[in-house]
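# Results of the structural survey
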Amino acid sequence: MRTSLRIPSSSSSVPSVRSSTPGTANAPRVYRRREHIPEDLGTAVHVQAMVFGNLGPDSGTGVAFTRDPATGARGMYGDYLPDAQGEDVVSGVRDAVPLSRLKTLDPRSYVELGDHLRTLENHYRDLCDVEFTVERGRLWILQTRVGKRTAEAAFRIAHDLCEEKTITADEALARVDGAELTRLMFPRFDTTPADVPLAQGVPGAAVGVVVFDSAEAQRRAAGGQDTILVRRETTPDDLPGMIAAQAVLTSRGGKTSHAAVVARGMGKVCVCGAESLTVDPVGRRLTTDTGAVVREGDTVSVDGTAGTVHLGALPLTASNVGRALETEESTGPLTEAVLAALAHADSVRRLRVRANADTPEDAARARRLGAQGIGLCRTEHMFLGDRRTLVEAVIIARDDTAREEALAALLPLQREDFVGMLKAMDGLPVATWPPCAGSTPASR
């Protein structure tokens, strides 16, 4: 039976609801702008009968994924919270247990849930994010949607679904994009056993100064400073700060909490459920279980892959994906998925790809990455660094003799660069651009 609800425009309940959620009015607008959703598009509301997960030890609620949304690995993945309602899981106010614990707490519901997850994934042919409730031993599936995922998971899931004949190679390619590949090529932290983490959380890398509220994250980001937003748990009010920050760190919540889901969708580094941290937003500091204190403005390194947080800025190392693209050798499931996607892209594309390169080193790397020529060589970039003084000497020379001396010093350097780039391209086209006025500082 369907029931229509009519709320008069003069109803006093509307302003009372609005007033009960101060500061949240702008969050939906921020989210829509980021996700390119028109502001005049309506919002769907789903009304259904309630079931209750807070009726005792034989009840509970959880969020399950058909695959790991962080890594893309096959298998059931998610959080479960006994004797609780759904908001307790999503908000992160209470720390959930891994979904695998449900197998011990309620074996029948666990098996039934697994059957439903397989049915949903086979139907939607994609990663599914499923909310469920167990009410006195009976499993209820509340809703499902296509799950948010990291760049790593996007490539692995697309590849695995293609290997399983669930989707075609063309569909798998359409489910990843260049921005995700770029993120996978970013350097990773080069950690050693001596780099003791401040906290362990939920499985990118980001370095920034610690801030404790959304407004401060936005203020510092506007000034060009990288920040790490630290909260006990996040709410929709924190969305602007999450967008501004390089990473999010929470002391509460699980893999399916608000912070984890939203950060995953935005491609942000996130470590949540770091229970060893005590966050004091009033005192603007966090304290570890060993007594170490980190104050606002201190620099930390957040490793979203390992789920760890380190004091100070850790050194970086090249990513496995970047190395695999240059060597065309797979080192694991992720690099295998990336190489397969790019191989299929090469087989169906109709455009050639040329690189921007200004040095022999850039040209050689571009070739290793598959470039079919240089589309733009901005020759003024050849004059940066130590060579800039030679260009300045040409410009400010007082007579022809001084100018000829400066040009004579520049000529062999630039000729050597061009020879190196042409050798690297090995007969492929190279387009050059003459130097422009922007190659020297305005102050000169």
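Just above sits the structure.
As a starting point, this report considers the structure included with it. (Residues numbered from 1 in each chain as written. Predicted model: local features only at pLDDT ≥ 70, side-chain atom pairs only at ≥ 80, totals over all residues. Heavy atoms only, no water.)

## Points about the overall build of the protein
Per the secondary structure count, the protein includes 16 helices and 20 strands. Looking at the protein as a whole, 38% of its 444 residues are labelled buried. Of the roughly 24500 Å² of accessible surface on the protein, a fraction of 53% belongs to carbon and sulfur atoms. (Helix = DSSP H or I, 4+ residues; strand = E, 2+ residues; numbered from the N terminus. Buried < 20%, exposed > 50% of the residue type's maximum accessible area, 1.4 Å probe, protein only. Areas by Shrake-Rupley, 256 points an atom, 1.4 Å probe, with all protein chains shown as cover.)

## Things to note about the sheet that holds strand S20 (residues 430-433)
Backbone-to-backbone hydrogen bonds pair the strands of a sheet. The strands run either parallel or antiparallel. The strand order across the open sheet formed by three strands is S18-S19-S20, and the pairing between neighbours is parallel. Of all the strands in the sheet, just strand S18 (355-356) and S20 have a single pairing partner and so form its edges. Looking at chain direction, S18 and strand S19 (residues 374-378) are connected through two bridges and run parallel. Paired with Ala355 across the bridge in S19 is Ile374. Running at roughly 170° to S19, helix H16 (residues 400-425) makes contact with S19 and S20 of the sheet. (Pairing = 2+ DSSP bridges. Contact = heavy atoms within 4.5 Å. Axes fitted to C-alpha atoms, helices over the stretch in contact; angles between N-to-C directions.)

## Here we look at the environment of Glu135
Among the structural elements, Glu135 can be located in strand S4 (residues 128-135). Distance from Glu135 to Ser59, taken between C-alpha atoms, is 4.7 Å for residues 76 residues apart in sequence. Those residues in contact with Glu135 that sit more than four places away from it in its chain are Val51, Phe52, Leu55, Asp58, Ser59 and Trp140. A distance of 2.8 Å separates a polar atom in the side chain of Glu135 from the backbone nitrogen of Phe52. (Polar contact = N/O pair within 3.5 Å; in protein donor to acceptor, adjacent residues only side chain to side chain.)

## Considering helix H15 (residues 388-396)
Within the span of H15, buried status applies to Val391, Glu392 and Val394. Taken down its axis, H15 places every buried residue within 155° of arc, on the same side. Facing away from the buried side of H15, by more than 90 degrees, are the exposed residues Thr389 and Ile396. Packing partners of the buried residues in H15 comprise H16. (Arc of directions from axis to C-beta.)

## Brief notes about the packing of aromatic side chains
Inspection of every chain in the model, using the stated rule, returns two aromatic pairs. Considering the side-chain rings of Tyr80 and Phe132, the 6.0 Å spacing of their centres and the 5° angle between planes classify their relative orientation as stacked. Placement of the pair is Tyr80 in strand S2 (residues 74-82) and Phe132 in strand S4, with a sequence separation of 52 residues. Accessibility assignment for this pair places Tyr80 and Phe132 in one class, buried. (Phe/Tyr/Trp six-rings, centres within 6.5 Å; stacked < 30°, edge-to-face > 60°.)

## Describing the nonpolar core
Counting 25 residues, the largest nonpolar core has Phe155, Leu181, Leu184, Val321, Leu334 and Val338 as the members making the most contacts within it. Among the elements of the structure, strand S1 (60-67), S2, helix H6 (151-163), helix H8 (178-185), helix H12 (320-327) and helix H13 (333-348) are those that each provide at least two residues to this core. Not counting residues within four places of it along the chain, the set of residues in contact with Leu334 comprises Glu152, Phe155, Arg156, Leu184 and Val321. Residues Ala206, Val269, Val279 and Leu286 belong to the second largest nonpolar core, which totals 17 residues. (Core = buried A, V, L, I, M, F, W, Y, C linked by side-chain atoms within 4.5 Å.)

## Describing the side chain of Thr288
Checked against the element boundaries, Thr288 lands in strand S13 (residues 285-288). You can call Thr288 buried: its relative accessible area is 6%. Polar side-chain contacts of Thr288 include one of 2.8 Å to the side chain of Thr290.

## Description of the pairing of strand S16 (residues 308-311)
Inspection of the sheet shows strand S15 (residues 299-303) paired to S16 by four bridges, in the antiparallel sense. The residue bridging Val300 from the neighbouring strand is Leu311, located in S16.

## Re the packing of H6 against H13
With their axes 9 Å apart at the nearest point, H6 and H13 run at an angle of 70° to one another. The pairing of H6 with H13 is recorded here as roughly perpendicular in orientation. Between H6, through Glu152, Phe155, Arg156 and His159, and H13, the contact on the second element is made entirely by Pro333, Leu334, Glu336, Ala337, Val338, Ala340 and Ala341. (Parallel < 35°, antiparallel > 145°, perpendicular 65-115°, else oblique.)

## Observations regarding a nonpolar patch on the surface
Together, Tyr31, Ile37 and Leu41 make up an exposed nonpolar region whose accessible area comes to about 250 Å². By the element assignment, Leu41 lies in the loop between helix H2 (27-34) and S1. (Patch = residues over 30% accessible without salt bridge, like charges linked within 9 Å, V, L, I, M, F, W, Y side chains within 5 Å. Salt bridge = Lys/Arg side-chain N within 4 Å of Asp/Glu carboxyl O.)

## With respect to the environment of Leu369
For Leu369, the position within the fold is in the loop between helix H14 (360-368) and S19. What makes Leu369 partly exposed here is its relative accessible area of 35%. Between the alpha carbons of Leu369 and Arg323 there is a distance of 9.6 Å; along the sequence they are 46 residues apart.

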